[in-house]
Each structure stands twice: as C-alpha cells, then as structure tokens.
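Take a look at the letters that make up each chain.
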Amino acid sequence: MTTAPTPVPTTPAATDLGGGAGASRTATTTTTPTPRRQRGLRPRGGSWLATVPLFLFFAIGFGLPAVAIVIGAFTTSTDAEGGGGQFTLDNVTASVQGAYWTAMVSSLKLSALTALLSTVIGLPIAQAVVTSRHTWLRQAVLTASGVLANFGGLPLAFAFVATLGNAGEITKLLHLTDHGWSLYTFTGLTIVYLYFLIPLMVLTITPALDGLRVQWREAAHNNRATTVQYWRHVALPILLPSLLGGFVLLFGSAFAAYATAAAMVGATVPLVSRSIADALSGNVLVGQGNLALALSLNMIVVAVLVMAVYLPLQRRSARWLS
C-alpha cells in the first residue's frame, strides 16, 4: 500500500525564480513593484520672466551702443562735405592705416606681453598660496589680490609716478636715471600693468589649482614620478585650458585699459584707446569725426575674438576640475 507524498510548502526565498527543474509549481513568488522613474522638475512657464531685467539691461547698456558704433563706423560724420549718414568705408580703412594701425599693433604687443608675464609669475604665487598650511596667509593674499586687481586708473598712475618717475623716491634713491631708466616708455608701462594683472591672474588660477586632486599627485609619486614630472605630465596638461583662459582674460583686460596709460605716458606710447580719445576730442581731420567709432569697432572685434577663445577653454577646464 502506497501513500501519496505530502507536498512541502516552499517559501518565496527558496523558490527558483529562474524557473529551474527544482522549482515547485505550487510555490508563489512575490515581485517588488518597480519604482517609477522620477521626472525632472520642469520650470514653470513664467520663470523666464525673471531674466527679462537682465536682457533689458544688456540690450540698453551693450546692444544699443554696439549698434550705434557699427552704424557710425560705416557712415559719414556730420562735418563731412556731403553731409552725415552716408555709407562709406573711409573710416574703417583709415583706422587700419598709418598711425592708427601703429597704435593697434602697439596695444596688441603690450597686452600680449603683460598677459604672458602675468601668467608665468602668477601661477607659482597661486600655487604657493594653495599649498600653504596657514589659512590666514591664503585669505590675506586673495584679499590683497582682489584689491590690487581693481586698483588702476589715475591713482595707480600717480602712485608709480611718485615712486618710479623721473623725480620718484626709488628713482632718486637708486639713481635709476643714470642707468637710462624712464617710466614713460613701453617698458615702464609694462611694469605698471603687471601691478594689477598679476593679482588678477592669482584670482583666476587659484580655483583651478584647488581642483587638482590629491590622488593624482599620490598616484604619480607611487609610480616614482618626481615633482617636475608630475607637473609636466599631469598638472600642467590639466591646467593648460585654465592657463590659456587666464591669459586671454588678462589680454582683454590690458587691451581695454585706458586711464592709467593716458595719465602716465600720454602720447609717448601709441595705444588704440588713446587714439580713440584723441578722435573723440576732435583731434582728427575734417570730415572724419566717425573715425573714433571705427577704431572702437576694431576693439570690439578683438574683444569678440578674445571671448570666443576664452569661453571654450573655460568649459573644457571645468570638465576636469569640477
């Protein structure tokens, strides 16, 4: 006499969810409901209204002047023989010839040289501040850099004239005039520009240096790399977009500077910003009153090129250092 086997209840944990041969048909399985994918919060339809004041300010403060400059650069001035408002290319043509082209080249040279020197000098200063163990030193240097980066114009020019001018205190103390020193030259103007560009570079490159991870340095040292090899093969390639972006930013700042050079060297060093001031004050030929607008248009073109280079470099550096 045989008896039927008694079915053994199975728990969900013991059930073969894959449907294998040892799975019991009488066992029941429980499935966890799949959570729904949370949808991103979409901004409300009227949130774009918050940006209207910004775009309105941009249109009034930058858009209208830019349009006026472009129109004026390609039209005759009111003192022209045929009257004002007529289309012409004479203003733009004259702005890239003769003394005006010399001033443009001089401005480009001065901006490139000061930006390069500030980048080379500012990088080790920022690195020393970042790696310092003293928090007060970092705060003091960054605070001073923020002040010095915005210290320019007439006060800066007068400070250097009183210090390194022909009758300046340091000039008389060290007898620099006997060695051919003169502040009112291209070299002197370069030194003055470094005074506010180096602090600006320190402020610009410090966040990038903070983004360098300690693990990268440790990995390089574990592979028996020296400090020079670490900077050459790891740190500098990562910092290169930030360095180039800082260089471009300093170039644009030096290119647009006017008050310091105008108060210190005057017309000794030809600069395009000084040429614009002379044209606006009426120091031009009759019928070329809009020449200043053409010179301003040239500066706008240079500024647009600078920003076209700076923005992609900034985005690229953010990928590594974010």
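Residues numbered from 1 in each chain as written. Predicted model: local features only at pLDDT ≥ 70, side-chain atom pairs only at ≥ 80, totals over all residues. Heavy atoms only, no water.

### Observations regarding the overall build of the protein chain
Okay, step 1: Helices and strands together make up the secondary structure of the protein chain, namely 12 helices and 0 strands.
Okay, step 2: The secondary structure elements of the protein chain, listed N-terminal to C-terminal, are α-α-α-α-α-α-α-α-α-α-α-α.
Okay, step 3: Out of the 322 residues belonging to the protein chain, those deemed buried represent 32%.
Okay, step 4: When contacts within the protein chain are restricted to residue pairs at least 6 apart in sequence, long-range pairs at least 24 apart make up 69% of them. (Helix = DSSP H or I, 4+ residues; strand = E, 2+ residues; numbered from the N terminus. Buried < 20%, exposed > 50% of the residue type's maximum accessible area, 1.4 Å probe, protein only. Contact = heavy atoms within 4.5 Å.)

### Some details on the pattern of salt bridges
Okay, step 1: Within this structure, the stated rule accounts for 2 salt bridges.
Okay, step 2: Measuring nitrogen to oxygen at the nearest pair gives 2.7 Å for the salt bridge that ties Arg138 to Asp210. With Arg138 in helix 4 (residues 135–149) and Asp210 in helix 7 (residues 186–210), this pair connects stretches of sequence that are 72 residues apart.
Okay, step 3: Overall, the relative accessible area of 39% leaves Asp210 in the partly exposed class.
Okay, step 4: Measuring nitrogen to oxygen at the nearest pair gives 3.8 Å for the salt bridge that ties Arg274 to Asp278. (Salt bridge = Lys/Arg side-chain N within 4 Å of Asp/Glu carboxyl O.)

### Some words on the side chain of Ser273
Okay, step 1: Among the structural elements, Ser273 can be located in helix 11 (residues 272–280).
Okay, step 2: Non-local contacts of Ser273, meaning those with residues more than four positions away in its chain, are made with Ala257 and Tyr258.

### Side note on unusual backbone geometry
Okay, step 1: A positive phi angle, near 55 degrees, is found at His175, a position not held by glycine.
Okay, step 2: A positive phi angle, close to 60 degrees, is found at Arg224, a residue other than glycine.
Okay, step 3: When you line up the elements, Arg224 lands in the loop between helix 8 (214–222) and helix 9 (227–256).
Okay, step 4: Owing to a relative accessible area of 77%, Arg224 belongs among the exposed residues under this scheme.

### A few points about the confidence of the model for the protein chain
Okay, step 1: Averaged over all residues, the pLDDT of the protein chain is 81; the fraction at 70 or higher stands at 80%.
Okay, step 2: In the model, residues 8–30 has pLDDT below 50 throughout and makes 10 contacts with residues more than four positions away in sequence or in other chains. (pLDDT = per-residue confidence, 0-100.)

### With respect to the nonpolar core
The nonpolar side chains of a soluble globular protein tend to be buried with one another.
Okay, step 1: Of all hydrophobic cores here, the largest spans 50 residues; its most connected members are Leu189, Tyr193, Ile205, Leu209, Leu212 and Met264.
Okay, step 2: Broken down by secondary-structure element, the contributors of at least two residues to this core are helix 3 (98–130), helix 5 (154–164), helix 7, helix 9, helix 10 (259–264), helix 11 and helix 12 (291–321).
Okay, step 3: Among residues more than four places away in sequence, those in contact with Tyr193 are Leu110, Thr114, Ala254, Ala257, Ala261 and Leu271. (Core = buried A, V, L, I, M, F, W, Y, C linked by side-chain atoms within 4.5 Å.)

### Topic: helix 9
Okay, step 1: The end-to-end C-alpha distance of helix 9, which contains 30 residues, comes to just 38 Å, noticeably less than the 44 Å that a straight helix rising 1.5 Å per residue would cover.
Okay, step 2: The largest bend in helix 9 amounts to roughly 50 degrees and is located at Leu236, with the proline Pro237 lying one to four residues further along. (Expected span 1.5 Å × (residues − 1). Bend = angle between axes of the 7 residues up to and from the residue.)

### Quick look at the packing of helix 8 against helix 9
Okay, step 1: At a minimum axis separation of 10 Å, helix 8 and helix 9 run at an interaxial angle of 160 degrees. On the basis of their axis angle, the class for helix 8 and helix 9 is roughly antiparallel. Where helix 8 crosses over helix 9, the two elements pack in a sense that is right-handed. Residue-level contacts link Trp216, Arg217 and Ala220 of helix 8 to Tyr230, Trp231, Val234 and Ile238 of helix 9.
Okay, step 2: Its residues assigned to classes, the contact of helix 8 with helix 9 comprises 6 nonpolar, no polar and 1 charged. (Axes fitted to C-alpha atoms, helices over the stretch in contact; angles between N-to-C directions. Parallel < 35°, antiparallel > 145°, perpendicular 65-115°, else oblique. Left-handed = near helix turned anticlockwise from the far one by under 90°. Nonpolar A, V, L, I, M, F, W, Y, C, P; charged D, E, K, R; others polar.)

### Quick look at the packing of aromatic side chains
Okay, step 1: Applying the stated criterion to the full structure yields 8 aromatic pairs.
Okay, step 2: Clustering of aromatic rings is evident, with ring pairs tying together Phe57, Phe58 and Phe62. (Phe/Tyr/Trp six-rings, centres within 6.5 Å; stacked < 30°, edge-to-face > 60°.)

### Some remarks on a nonpolar patch on the surface
Okay, step 1: On the surface, a nonpolar cluster with roughly 460 Å² of combined accessible area is contributed by Leu113, Leu116, Leu117, Val120, Ile121 and Ile125.
Okay, step 2: Looking at where Ile121 falls in the secondary structure, it is placed in helix 3.
Okay, step 3: In this structure Ile121 comes out as partly exposed when scored by relative accessible area, which is 35%. (Patch = residues over 30% accessible without salt bridge, like charges linked within 9 Å, V, L, I, M, F, W, Y side chains within 5 Å. Areas by Shrake-Rupley, 256 points an atom, 1.4 Å probe, with all protein chains shown as cover.)

### Thoughts on the environment of Ala219
Okay, step 1: Within the secondary structure layout, Ala219 lies in helix 8.
Okay, step 2: Along the sequence, Ala219 and Tyr230 sit 11 residues apart, while their C-alpha atoms lie 9.5 Å from each other.

### Considering helix 1 (residues 52–73)
Okay, step 1: For helix 1, built from 22 residues, the straight-helix expectation of 32 Å at 1.5 Å per residue is met to within 8% by its first-to-last C-alpha distance of 30 Å.
Okay, step 2: At Ala59, helix 1 shows its maximal kink, close to 35 degrees.
Okay, step 3: Listing the buried residues of helix 1 in full gives Ile69, Gly72 and Ala73.

### Topic: the environment of Gly246
Okay, step 1: Its place among the elements puts Gly246 in helix 9.
Okay, step 2: C-alpha of Gly246 to C-alpha of Ile205: the two residues are 41 residues apart in sequence and 7.0 Å apart in space.
Okay, step 3: Ignoring anything within four residues of it in the chain, the contact list for Gly246 reads Met201 and Thr204.

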